[in-house]
Amino acid sequence: MRVKYFEMIHHKCRRGIYPGTKIQRFEVPEDKVFWNVDFQEYSPVDYTCPSVIDKLWADPEIRENTFQPKWNSLDDPFSTAKVNRKSFMGDYVVTDNGYPLNPIGRTGIIGRGLLGRWGPNHAADPIVTRWKRNGTGALEIDKTTEKPILQFVAIQRKDTGEWAIPGGMVDPGETVSQTIRREFMEEALNSLEKQENEKQELEENISEFFKKGDEIYQGYVDDPRNTDNAWMETVAYNFHDDDGTIVGKLALTAGDDATNVRWMDVSKSLNLYANHTEFIRRTMQKRNAHW
Ligand code: RP5
């Protein structure tokens, strides 16, 4: 399931204006993305958002003497606040002046942008699916492909307004399965605004369901926030409610970083945040659903 370098080139993080700013990325043509291709004129803008500077949850500046990250490894394994600086893409290069380099290539921006960590920023994505059914409970079959229509829980992101999988950052010391459950509860079930007893009940209802997931993707995310020195990586799991009786029945309510949530039909016309459409395409293949 791991993505190989040669299978991927990024698109969404090497064009236009950097999210939340007026900063124009230095234009990187497709044939100049890879670091081993000569690009003399390359002059990327240096940008780190003030919202990540001096924050406890984020890294300090590279040039600070007290900051001695262990690149390409699990940083400080003896601390409870372990930061995973390993990449799913293999070992990444660190420049002579100490900056990790994006494993796919140039993005037109250096610095950390909106991301907290130098190097990989790890996330996890829950792809929660069910079959689309009609009023009588029968599966809806697409007339052209003659395959059942899959639906997944999609959220609309507050930052870009795009529809996405309700994923989130893996906190230091947290496991991927904890992140997946927590993010789904926060963004698709609005758990942060619930009373403690309601939250517990919800957790009990879904904990069994979230134990059985199929890994769909592991690797680099073509996230619009990526820079030459900081980038998103994720592990995406599919949790499928085949008869629609578990999460298929839950009332979805948007919360935290989501402004909307809904069951969305899976088809080739999807256009989701980052490369989330690719994760959904792989899920469709796994479930043998309509596309
Ligand atoms: C994407 O950003 C990941 O695939 C995940 O869905 C998301 C995590 O970032 P936040 O939603 O926490 O900003 O790259």
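Report on the accompanying structure. Remember, it's a predicted structure, so these values are computed and weren't measured experimentally. (Residues numbered from 1 in each chain as written. Predicted model: local features only at pLDDT ≥ 70, side-chain atom pairs only at ≥ 80, totals over all residues. Heavy atoms only, no water.)

## Notes on the pattern of salt bridges
- A full pass over the atoms with the stated rule returns 15 salt bridges.
- Residue E174 pairs with R182 through a salt bridge whose shortest N-O separation is 2.8 Å.
- We classify R182 as partly exposed; its relative accessible area is 22%.
- Connected through shared salt-bridge partners, D171, E174, R182, E183 and E186 make up one network. (Salt bridge = Lys/Arg side-chain N within 4 Å of Asp/Glu carboxyl O. Buried < 20%, exposed > 50% of the residue type's maximum accessible area, 1.4 Å probe, protein only.)

## Here's the deal with the layout of surface pockets
- Looking at the largest pocket, its volume works out to about 1100 Å³.
- If you go around the largest pocket, you meet 47 residues; those closest to its centre are H122, G168, M169, V170 and M232.
- Of all the secondary structure elements, the ones that give two or more residues to the lining of the largest pocket are β3 (83–84), β5 (119–131), β8 (168–169), α1 (176–188) and β10 (230–241).
- Within the lining of the largest pocket, the residues separate by chemical class into 20 nonpolar, 12 polar and 15 charged. (1 Å grid on protein atoms, 1.4 Å probe; cavity = no way out; pocket = protein on both sides within 12 Å on 5 of 7 lines; lining within 4 Å. Points joined across faces, edges and corners; volume = space filled by probe spheres on them. Helix = DSSP H or I, 4+ residues; strand = E, 2+ residues; numbered from the N terminus. Nonpolar A, V, L, I, M, F, W, Y, C, P; charged D, E, K, R; others polar.)

## A closer look at the pairing of β5
- Judged by how many residues are buried, β5 sits mostly within the fold: 13 of 13 residues are covered.
- For β5 and β10, the ladder comprises 12 bridges, and the chain directions are parallel. Among the inter-strand pairings, H122 is bridged to a residue of β10, identified as E233.
- As paired elements, β5 and β8 share 2 bridges and run antiparallel to each other. When the bridges of β8 are listed, A124 appears paired with G168.
- Alignment of β5 against strand β6 (residues 150–157), held across 3 bridges, turns out to be antiparallel. For W131, the partnering residue across the bridge sits in β6 and is L150. (Pairing = 2+ DSSP bridges.)

## Details of the site of the ligand
- Near the ligand the following residues occur: A123, D125, R157, I165, G167, G168, M169, V221, D223, R225, M232 and H276.
- Measuring from an oxygen atom of the ligand, one finds a side-chain N or O atom of R157 at 2.8 Å.
- Taking H276, its side chain carries an N or O atom lying 2.9 Å from an oxygen atom of the ligand.
- Isolated, the ligand exposes 360 Å² of accessible area, and the fraction of that covered by the protein chains is 93%.
- If you map the ligand onto the pockets, it falls in the largest pocket.
- Breaking the shell around the ligand down by element, the ones donating at least two residues are β5 and β8.
- Its residues assigned to classes, the shell around the ligand comprises 5 nonpolar, 3 polar and 4 charged. (Near = heavy atom within 4 Å. Polar contact = N/O pair within 3.5 Å; in protein donor to acceptor, adjacent residues only side chain to side chain. Areas by Shrake-Rupley, 256 points an atom, 1.4 Å probe, with all protein chains shown as cover. Sits in = over half its atoms within 2 Å of the grid points.)

## A closer look at a negative patch on the surface
- Side chains of E196, E198, E201, E203 and E204 sit close together on the surface and give a patch of like negative charge.
- You can call E203 partly exposed: its relative accessible area is 34%. (Patch = residues over 30% accessible without salt bridge, like charges linked within 9 Å, V, L, I, M, F, W, Y side chains within 5 Å. Lys, Arg positive; Asp, Glu negative; His and termini not counted. Charge placed at Lys NZ, Arg CZ, Asp CG, Glu CD.)

## Section: the packing of aromatic side chains
- Throughout the structure, instances matching the rule amount to 14 aromatic pairs.
- Ring plane angle 35 degrees and centroid distance 6.3 Å describe the contact between Y237 and F239, whose orientation is recorded as tilted.
- On the basis of relative accessible area, Y237 is assigned to the partly exposed category, the value being 24%.
- Over the face of the ring belonging to Y273 we find R157, whose NZ or CZ atom lies 4.1 Å from the ring centre.
- Geometry around W163 places R262 over its ring, the cationic atom sitting 4.9 Å from the centre. (Phe/Tyr/Trp six-rings, centres within 6.5 Å; stacked < 30°, edge-to-face > 60°. Lys NZ or Arg CZ within 6 Å of the ring centre and 35° of its normal.)

## What to know about unusual backbone geometry
- Of note, D54 is a non-glycine position whose phi angle comes to about 60 degrees, a positive value.
- Among the secondary structure elements, D54 is positioned in the loop between β1 (45–48) and β2 (74–75).
- Owing to a relative accessible area of 72%, D54 belongs among the exposed residues under this scheme.

## What about the nonpolar core?
- Membership of the largest hydrophobic core comes to 35 residues, with the highest contact counts inside it found for I127, F152, Y220, M264, V266, L272 and I280.
- Listing elements by their share of this core, those giving two or more residues are β5, β6, β9 (214–220), β10 and α3 (276–287).
- If we skip the residues at most four places from it in the chain, F152 touches V128, T129, I165, R262, W263, M264, V266, L270, L272 and I280.
- One finds L202, F209, A258 and W263 within the second-largest nonpolar core, a separate group that totals 19 residues. (Core = buried A, V, L, I, M, F, W, Y, C linked by side-chain atoms within 4.5 Å. Contact = heavy atoms within 4.5 Å.)

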